[in-house]
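Observations on the model geometry
This is what each chain is made of:
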Amino acid sequence: ELGWYYRDNDFNEFFFKFWEGTFFPYLKKNNIKNVIHLGDLVDRRKFIAFKTADAVHKRFFQPMEEMGINFKIILGNHDVTYKNTNEVNCMNQIFWGYKNVEVFSEATDVFLSEENPDRAYSFIPWINTGNYQTTLHYLANTTAKIAFGHLEISGFEMDAGNVCDAGFNRKVFHNFETVYTGHFHHKSTDGQIYYLGNTYQITWADYGEVRGFHVYDTESQILEFVPNPNVMFHKLVYDDSTDESREHITDTLRSAGDIQETAEQLKGAYVKVVVVNKTDPHLYDTFMDTIQRMEPFEITTAEDFTIQI
């Protein structure tokens, strides 16, 4: 999922850092020409800032067009305006006009494999009241064994520890050998249905989770995960209660100017400093100043000593 925000420039630059620094270079290096997007290109389903839309055109769609990428997008619930139809959506209203882009608003069979051109794959966009019956009819009759979609299935985690109790019963998709789907940001599987997760972290609920994208081989049908090296949410622990811990903090501060990788990770990111013990105010201020110089978007502190890391 992309999920470009309508206002948060810090997040948008974080997103583009991944596309321009990791994703596009990977496509070029590995000569990949086909990209499938499993829905939720945008975050707000009813509006988007002109500045954001312009950046998505120039820094996402146009580079893929120039690289000769065939881009297939399966509409998600955030891509569509109404809850009873997929007809009015961001692709038809905003991001249209690209000959290399194909939009899927209804469930259909798609043929992806050059090695096996008769092998059908199911593309299943967001299911709503308008397409509910036609989608169920399609699911009952398709011969495809592999599905790609944007589905809400009960029993899977939306975020870590937050299980969905709504949506479809997984038995609805029992005819498929494998289902790859977007929608939930947390990556999980029951062995048949795979929630591939978001491409990057966008809330504190994503803290500690590795995000990224997947490469699917249509010949071997093997799915490979490629991690996103960028992290949006960081927790740092401050504890100066012992000689050893103070020495560790001092060593960290002394070498901070040389840790270019750390500075690049924290720049534009969200940082939470968990203060376990603070006995030396000067050392603490120096520690916080050092983090501030790395230019994170936001720094918050938690001085509740009951917090578990």
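Residues numbered from 1 in each chain as written. Predicted model: local features only at pLDDT ≥ 70, side-chain atom pairs only at ≥ 80, totals over all residues. Heavy atoms only, no water.

A few points about the side chain of Thr135
Position of Thr135 relative to the elements: it lies in helix H4 (residues 132-141). Judged by relative accessible area, Thr135 falls into the buried class, the value being 3%. Excluding its chain neighbours within four sequence positions, the residues that come into contact with Thr135 are Ala107, Ile124 and Ile127. (Helix = DSSP H or I, 4+ residues; strand = E, 2+ residues; numbered from the N terminus. Buried < 20%, exposed > 50% of the residue type's maximum accessible area, 1.4 Å probe, protein only. Contact = heavy atoms within 4.5 Å.)

Quick notes on the sheet that holds strand E10 (residues 188-189)
Either a parallel or an antiparallel arrangement is found when strands of a sheet pair, and the pairing is made through backbone hydrogen bonds. Pairing in this open sheet of 6 strands is mixed, and the strands run E4-E5-E6-E9-E11-E10 from one edge to the other. Each having just a single partner strand, strand E4 (108-111) and E10 make up the two edges of the open sheet. Strand direction decides the pairing type here: strand E9 (residues 178-182) and strand E11 (residues 193-195), joined by 3 bridges, are parallel. From the neighbouring strand, Thr181 faces E11, where its bridge partner is Tyr195. Running at roughly 160° to strand E5 (residues 120-124), H4 makes contact with E4 and E5 of the sheet. (Pairing = 2+ DSSP bridges. Axes fitted to C-alpha atoms, helices over the stretch in contact; angles between N-to-C directions.)

Brief notes about the packing of aromatic side chains
In total, this model carries 40 aromatic pairs according to the counting rule given. Note on Phe18 and Trp19: the rings are 4.8 Å apart at their centroids and 65° apart in plane angle, and the pair reads as edge-to-face. Judged by its relative accessible area of 0%, Phe18 falls in the buried class. Taking relative accessible area as the criterion, Trp19 reaches 4% and is therefore assigned buried. Note on Phe233 and Tyr270: the rings are 5.4 Å apart at their centroids and 35° apart in plane angle, and the pair reads as tilted. One end of the pair, Phe233, is in strand E14 (residues 233-239); the other, Tyr270, is in strand E15 (residues 270-277), with 37 residues separating them in the sequence. (Phe/Tyr/Trp six-rings, centres within 6.5 Å; stacked < 30°, edge-to-face > 60°.)

Function cannot be inferred from these measures alone, as they are strictly geometric.
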